[in-house]
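Inside the fold
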Amino acid sequence: MGFFATILILVIALGFTWRYLGSYMAAVFDGRVHFLGFVERPIYRLLKTSPEQEQTWKRYAGAMIIFSFVSLVFTYAILRLQGSLPLNPQHLGAVGPALSFNTASSFVTNTNWQNYGGETAMSYFSQMGSLTVQQFVSPAVGIAAAIVLVRGFSRRKSATIGNFWVDITRCLFYVLLPIAFVAGIVIVAQGAVQTLAGTVTIHDSLNGVTQTIPRGPAGFMGSIMQLGTNGGGFFNVDLAHPFENPTAFTDLLYIWLTLSIPVALTYTFGKMVGSIKHGAALLAVVVILFGSWVAFTSYSEHQNNPAVVAAGIHSTVGNAEGKEVRFGDTTSALFNVSMTQTSDGAVDSATDSYNPIGGLGPLTGMMLGEVTPGGTGSGLYTLLIYAIIAVFIGGLMIGRTPEYLGKKIQAREVKLAGLGALVMPMTVLILTALAVSLAVGRAGPLNAGPHGFSEILYALTSQGNNNGSAMAGLTGNTPFYNVIGAIDMLIGRFGIIIPALALGGILAEKDVVPEGLGTFRTHNPMFVGLTIGVILIIGGLTFFPAISLGPIVEQLSHLRFF
Amino acid sequence: MLVHLRRSLVLAVICLVFFGFVYAFAGTGVAQLLFKNQADGSLTANGSTLIGQNWAATKCPGNPLGSCVFHGRPDDTGPYAANPKTGAAGGDNPLVANGVSGESGATNLGPRSKVLKADTKALVAYWHKLGVNPTPDLVTTSGSGVDPDISPLDATVQIPMVAKATGIAPAKLRTLIASESHGAQLGFLGSSYIDVLQLNEALAKLH
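The rules behind the values
- Residues numbered from 1 in each chain as written.
- Chains lettered and ligands numbered in written order.
- Predicted model: local features only at pLDDT ≥ 70, side-chain atom pairs only at ≥ 80, totals over all residues.
- Heavy atoms only, no water.
- Helix = DSSP H or I, 4+ residues; strand = E, 2+ residues; numbered from the N terminus.
- Rg over C-alpha atoms; globule rule 2.2 N^0.38 Å.
- Buried < 20%, exposed > 50% of the residue type's maximum accessible area, 1.4 Å probe, protein only.
- Contact = heavy atoms within 4.5 Å.
- Areas by Shrake-Rupley, 256 points an atom, 1.4 Å probe, with all protein chains shown as cover.
- Buried area = accessible area lost by both parts, 1.4 Å probe.
- Salt bridge = Lys/Arg side-chain N within 4 Å of Asp/Glu carboxyl O.
- Polar contact = N/O pair within 3.5 Å; in protein donor to acceptor, adjacent residues only side chain to side chain.
- Pairing = 2+ DSSP bridges.
- Axes fitted to C-alpha atoms, helices over the stretch in contact; angles between N-to-C directions.
- Phe/Tyr/Trp six-rings, centres within 6.5 Å; stacked < 30°, edge-to-face > 60°.
- Parallel < 35°, antiparallel > 145°, perpendicular 65-115°, else oblique.
- Left-handed = near helix turned anticlockwise from the far one by under 90°.
- Nonpolar A, V, L, I, M, F, W, Y, C, P; charged D, E, K, R; others polar.
- Disulfide = S-S within 2.5 Å.
- Patch = residues over 30% accessible without salt bridge, like charges linked within 9 Å, V, L, I, M, F, W, Y side chains within 5 Å.
- pLDDT = per-residue confidence, 0-100.

Considering the overall build of chain A
Looking only at helices and strands, chain A features 19 helices and four strands. Over its C-alpha atoms chain A spans a radius of gyration of 23 Å, differing by no more than 12% from the 24 Å that the globule rule assigns to 562 residues. Each principal axis of the C-alpha atoms in chain A carries an extent, and together these give about 75 × 55 × 50 Å. The buried share of chain A, taken over its 562 residues, is 68%. Counting only contacts in chain A whose residues sit at least 6 apart along the sequence, the fraction spanning at least 24 positions is 79%. Carbon and sulfur atoms make up 69% of the accessible area of chain A, which amounts to about 17,400 Å² in all.

Shown next as structure tokens:
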């Protein structure tokens, strides 16, 4: 019963978030919110820009890429210089070059894949100055890209699509900072650590054991990493750690933080294009797919773990291996699904120890391109790419001109949307094939048999989708996995963001065709079903052969252990 | 191009200052001011109520190791695991994972792993030797490796062991467990749990 009450509360909270955060974000990006003008204006002066200086999509994309590159260099440099920088009470040395490259790519692309154990590899300076900074900046970049695509639909005959520097500044200060700060206070009040005092050593007189407990500024990192669908926590086990996710309430709060912006952006979209119905149609796509994934994953995790049963424990309900008592099996499954249907990738339980079908939930959530609701920004622009494909296919089937929100969808738009939809699966599958065919790649997995294959596939799917969730059994901190992972993440990010910006640019140039009798409706259940179909078919056709070698074989191999 | 580069550098420095340091320092300041105990790690004289400990190595004069206290959940390096990974302090140090001291970690073993099956069998045998009929939580490891909690049932099944080693009547232990149980948060979030450190601190007062 508790689980259904949890879902109900989450749905109500997200309903309000959709409506009010959604319309607030529309106001922010339309330049109607000014309460932090005293911070905003000096920044524009320093940057020598202003909201009036609009950019073409090419200039916008150029600014975004160069800014991301500079961020990559900053992040990399801080990790490499860690040993000589302050705020390092544990006297940790520099992070190695391959690991630094992987980590910098990971945080700049909003992935937060972690090939290191945070509490034992990163100084406070690195956690704050290098990783937390990108947890603010990378979602802001994603949201800016989504807003450009939305402006493509809302503007008519416009050569420009906004100003990158203004959009990102507004997103950082008006959206991310206030919510993250307030949530951080709540998380610490519940029990998360937030200190710069270093580790503490305590002797327990009851059992005679002396323990050294790592601590750090984890609580406020937790709030922004979830709000920005980053997912890379302070500790090695991420949000399973009681110091960053101390109670069932913080677990739910983290789920809400993660889903809030991606869900609300569908309202922002509707509001900015002047048709809330279109935003609601996208929300319906999100809710239907998300709900199905939660259902089958939670159901599977509520079943017994085959290895535990084989060891003689029959009285079990639910798979307790790798899960925390304070969360329980179904809520852990809800958490992991929420983090893989977005681009977050945080875990509150060990995904590697999920039952085969339970592990299929997070894996396939990522394979569908993370559109339900997806990452901050990246979710909306990828979903719009799928919607464009759905409009095109719908138009072909009934022989009408494909239009979406009055904008004609022609060859150029469909090519760009196709590119955006296919970059990720191609990258993931080619790199997975490469990893399993090389000895250095096969040396990675901890588990044997199909589960080992799943570990590799999961890792490359997660990085290609900028998710960062992991079946943590894979030994990813090798030069091979660090480098192919970084390539995977960079292509997965910029290979989709650039087509999305281009789409925004060319759509903004077009005029709106008045709606006629022959117009294909794009806000009714038919369109919702068509979009879901497109998402499932593209994801299913590209990845089905791969998942049948992993989780499906594992599920079907009764009584066999590997 | 150069304009972009200059603006990028300026904005990157602004972000470093604002979101790296102002945010974290302001957050730490507020947290320390309002919720000092939590922000410092919920510490008691014997450890943190949020970090599981190694209870299996507790010396119990005249009785097997660890039989006079309640245990938390095992971790992947326990003395009862088929392949104990560390030798120090009985092997079950929740704060050692992946061979690194201070790191958190789970076993990451899949549901059809031979190793998981063997480890779980060893754990079942370990509990049987102590006279306990274990629940699933007591033979599986947690996601963090430092899970500080067990369910009320996990504590109840340990009553025969603790009663025998300490001489405290089972009825008294049952009352203790009931008084240390926390219900689900707000009545529906998560499940009811007992903090093992608090339980053992309360148990020590009964002696």
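Continuing now.
Quick look at the interface of chain A and chain B
Across the boundary between the two partners, chain A contributes 112 residues, which contact 98 residues of chain B. Both sides together, the interface formed by chain A and chain B hides about 8,500 Å², and carbon and sulfur atoms give 67% of it. Looking at the side of chain A facing chain B, the largest losses of area belong to A:L206, A:E321 and A:V325, adding up to 8% of the total buried there. Scanning the region where chain A abuts chain B turns up one salt bridge. Measuring nitrogen to oxygen at the nearest pair gives 3.9 Å for the salt bridge that ties B:D147 to A:R326. The tally of links from chain A across to chain B stands at 39 residue pairs in polar contact (both at pLDDT 80 or more). In terms of residues, the side of chain A that touches chain B owes the most to one element, helix α7 (residues 164–190) of chain A, which gives eleven residues.

Describing the sheet that holds strand β7 (residues 193–195) of chain B
Residues and elements named next belong to chain B. One open sheet accounts for three strands, arranged β5-β7-β6; its pairing is antiparallel. Here the strands that pair on one side only, and so sit at the sheet edges, are β5 (149–150) and β6 (181–182). Where β5 lies against β7, two bridges are found, and the strand directions are antiparallel. Residue pairing in the sheet places I150 in a bridge with I194 of β7. Relative to β7, helix α8 (residues 196–206) is tilted by about 65°, and along the sheet it contacts β5, β6 and β7.

Concerning the packing of aromatic side chains
To describe a pair of aromatic rings, you give the distance between the ring centres and the angle between the ring planes. One pass over the structure, following the stated rule, counts 28 aromatic pairs over all chains. With centroids separated by 5.2 Å and ring planes inclined at 55°, the aromatic side chains of A:F181 and A:F220 adopt a geometry described as tilted. Placement of the pair is A:F181 in helix α7 and A:F220 in helix α8 (residues 219–227), with a sequence separation of 39 residues. Residue classification places A:F181 among the partly exposed positions, given a relative accessible area of 22%. Classification of A:F220 as buried rests on a relative accessible area of 1%. For the ring pair B:F18 and B:F19, a centre distance of 6.0 Å and an interplane angle of 40° mean the geometry is tilted. When its relative accessible area of 28% is taken as the criterion, B:F18 is described as partly exposed. According to the relative accessible area criterion, B:F19 is buried, its value standing at 0%.

Observations concerning the packing of helix α6 (residues 124–154) of chain A against helix α18 (residues 479–509) of chain A
All names here are of chain A. In contact at an axis separation of 6 Å, α6 and α18 are set at 30° when each is read in the N-to-C sense. When the interaxial angle is binned, α6 and α18 end up roughly parallel. Considering the relative orientation of α6 and α18, their crossing is left-handed. Contact residues: S138, V141, G142, A145, V148, L149, R151, G152 and F153 in α6; R493, I497, A500, L501, L503, G504, L507 and A508 in α18. Looking at the contact of α6 with α18 residue by residue, the classes come out as eleven nonpolar, four polar and two charged.

Regarding the pairing of strand β1 (residues 200–203) of chain A
All names here are of chain A. What you see with β1 is a clean split: V200 and I202 sit on the buried side and T201 and H203 on the side with no burial. In terms of strand pairing, β1 meets strand β2 (residues 210–213) through four bridges, oriented antiparallel. Paired with I202 across the strands is Q211, a residue of β2. The hairpin formed by β1 and β2 contains six residues between the paired strands, and G208 there has a positive phi angle of roughly 75°.

Section: unusual backbone geometry
Residue and element names in this part refer to chain A. Note that the residue after T372, namely P373, is joined by a cis bond; omega there is 0°. Here P373 is to be found in the loop between α13 (356–367) and α14 (378–398). One non-glycine residue, K48, adopts positive backbone phi at about 55°. Tracing the sequence through the fold places K48 in the loop between α2 (37–47) and α3 (57–80). The residue D238 is not glycine, and still its phi comes out positive at about 60°. For D238, the position within the fold is in the loop between α8 and α9 (248–273).

Observations regarding the pattern of salt bridges
A side chain of one charge can pair with a side chain of the opposite charge when the charged atoms of the two come close. All chains considered together, the criterion is met by twelve salt bridges over all chains. The partner of A:D511 in a salt bridge is A:K157, with the nearest N and O atoms 3.9 Å apart. Here A:D511 is found in the loop between α18 and α19 (525–556), whereas its partner A:K157 is found in the loop between α6 and α7, with 354 residues between them in sequence. By relative accessible area, which is 36% here, A:D511 ends up partly exposed. For A:K157, a relative accessible area of 61% gives the class exposed. In this structure, the salt-bridge partner of B:D40 is B:K36, at a minimum N-O distance of 2.6 Å. Counted as one network, the salt bridges with shared partners bring together A:E324, A:R326, B:R73 and B:D147.

With respect to the side chain of A:H241
Residue placement: A:H241 occurs in the loop between α8 and α9. One polar contact links the side chain of A:H241 to the main-chain amide nitrogen of A:F243, over a distance of 3.0 Å. The residues contacting A:H241, other than those within four sequence positions of it, are A:E119, A:F235, A:R326, B:I51, B:S104, B:S144 and B:V146.

Here's the deal with the state of the cysteines
Linking two cysteines covalently via their sulfur atoms produces the bond known as a disulfide. Summed over the entire model, instances satisfying the criterion amount to one disulfide over all chains. Disulfide pairing places B:C60 opposite B:C68 at an S-S distance of 2.1 Å. The sign of the -75° torsion about the S-S bond sets the B:C60-B:C68 disulfide as left-handed. For the residue pair B:C60 and B:C68, the accessibility class agrees, reading buried in each case. A disulfide-free cysteine, A:C171 has its sulfur positioned 11 Å from the sulfur of B:C15, the nearest such atom.

Focus: a nonpolar patch on the surface
Among the surface-exposed residues, A:L8, A:I12, A:F16 and A:Y20 lie close enough to one another that they form a single nonpolar patch of about 460 Å² accessible area. With respect to the secondary-structure elements, A:F16 resides in helix α1 (residues 2–29).

Some remarks on the confidence of the model for chain B
Residues and elements named next belong to chain B. For chain B, the average pLDDT comes to 85, and 87% of its residues sit at 70 or higher. Overall, residues 78–91 carries pLDDT values under 50, and its contacts beyond four positions in sequence, including any with other chains, amount to 28 contacts. In the predicted complex, the global pTM is 0.95; the interface-specific ipTM is 0.94.

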